[in-house]
Amino acid sequence: VQLQASGGGLVQAGGSLKLSCTASGVIFRIDALGWYRQAPGKQRELVAAVTSGGSTNLADSVKGRFAISRDNAKNTVYLQMNSLKPEDTAVYYCHVNLYTGTYLGRDYWGQGTLVTVSS
């Protein structure tokens, strides 16, 4: 199983970016999908997550600005980021709870994509 993330880059404060992450390989079922971020000198934190049923959870710091969605047919999760702030600068990692068989489930992480927001 591989996770391929894309969409990061440099943007000015107030701008927007959309991240995407696609899982490929032997996939039986995907449960939760999410995005985490890690800023320099800080711990990795949850940004947003979406369950298999479509329920979403957003960190308080991004509520009203970010949205997470998933396309089950494409095994892809998206993170739409609007009204970006310099404090959103971080490496963003996608996370997937994925099953390669009926009982073969584990967490997978993408390679990380850098988002830089300039003031």
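As the structure is a computational prediction, the values presented were derived from the model and not from experiment.

Definitions and limits used
Residues numbered from 1 in each chain as written. Predicted model: local features only at pLDDT ≥ 70, side-chain atom pairs only at ≥ 80, totals over all residues. Heavy atoms only, no water. Phe/Tyr/Trp six-rings, centres within 6.5 Å; stacked < 30°, edge-to-face > 60°. Helix = DSSP H or I, 4+ residues; strand = E, 2+ residues; numbered from the N terminus. Buried < 20%, exposed > 50% of the residue type's maximum accessible area, 1.4 Å probe, protein only. Lys NZ or Arg CZ within 6 Å of the ring centre and 35° of its normal. Salt bridge = Lys/Arg side-chain N within 4 Å of Asp/Glu carboxyl O. Contact = heavy atoms within 4.5 Å. Core = buried A, V, L, I, M, F, W, Y, C linked by side-chain atoms within 4.5 Å.

Chemist: Would you explain the packing of aromatic side chains in this entry?
Modeler: Aromatic ring pairs are defined here through the distance separating the ring centres and the angle between the ring planes. Applying the stated criterion to the full structure yields 1 aromatic pair. A ring pair is formed by Tyr-36 and Trp-109, whose centres lie 5.0 Å apart and whose planes are at 65°; its orientation type is edge-to-face. With Tyr-36 in strand S4 (residues 29–38) and Trp-109 in strand S10 (residues 105–109), the pair connects residues that are 73 residues apart, well separated along the chain. Here Trp-109 falls in the partly exposed class, since its relative accessible area comes to 38%. Above the face of the Tyr-78 ring, Lys-18 is positioned so that its terminal group lies 4.7 Å from the ring centre.

Chemist: Would you take a moment to explain the pattern of salt bridges for this structure?
Modeler: Opposite charge on two side chains allows them to pair when their charged atoms are near. Counted according to the given criterion, the structure contains 5 salt bridges. A salt bridge links Glu-45 to Arg-37; the shortest N-O distance between them is 2.7 Å. For Arg-37, a relative accessible area of 6% puts it in the buried group. Between Arg-37 and Asp-88 there is a salt bridge, and its shortest N-O distance comes to 3.0 Å. Here Arg-37, found in strand S4, pairs with Asp-88, found in the loop between strand S8 (76–81) and strand S9 (90–99); they are 51 residues apart in sequence, far enough to count as distant. Per residue, the accessibility class of Arg-37 equals that of Asp-88, and both read buried. One continuous salt-bridge network, built from bridges that share partners, spans Arg-37, Glu-45, Arg-65 and Asp-88.

Chemist: Is there a simple way to think about the side chain of Asp-31 in this case?
Modeler: Residue position: Asp-31 is located in strand S4. In contact with Asp-31, not counting residues within four places along its chain, are Val-50, Thr-51, Ser-52, Arg-70, Asn-97 and Tyr-99.

Chemist: Please clarify how the nonpolar core should be interpreted in this entry.
Modeler: Membership of the largest hydrophobic core comes to 30 residues, with the highest contact counts inside it found for Trp-35, Val-47, Phe-66, Leu-79, Met-81 and Tyr-92. The set of elements that each furnish at least two residues to this core consists of strand S1 (2–6), strand S3 (17–24), S4, strand S5 (45–50), strand S7 (66–71), S8, S9 and strand S11 (113–118). Here the element with the most residues in this core is S9; it accounts for 5 residues. Dropping the residues within four chain positions of it, Phe-66 is found in contact with Arg-37, Val-47, Leu-58, Leu-79, Gln-80, Met-81, Asn-82, Leu-84, Asp-88 and Tyr-92.

The analysis is restricted to geometry; functional conclusions fall outside its scope.
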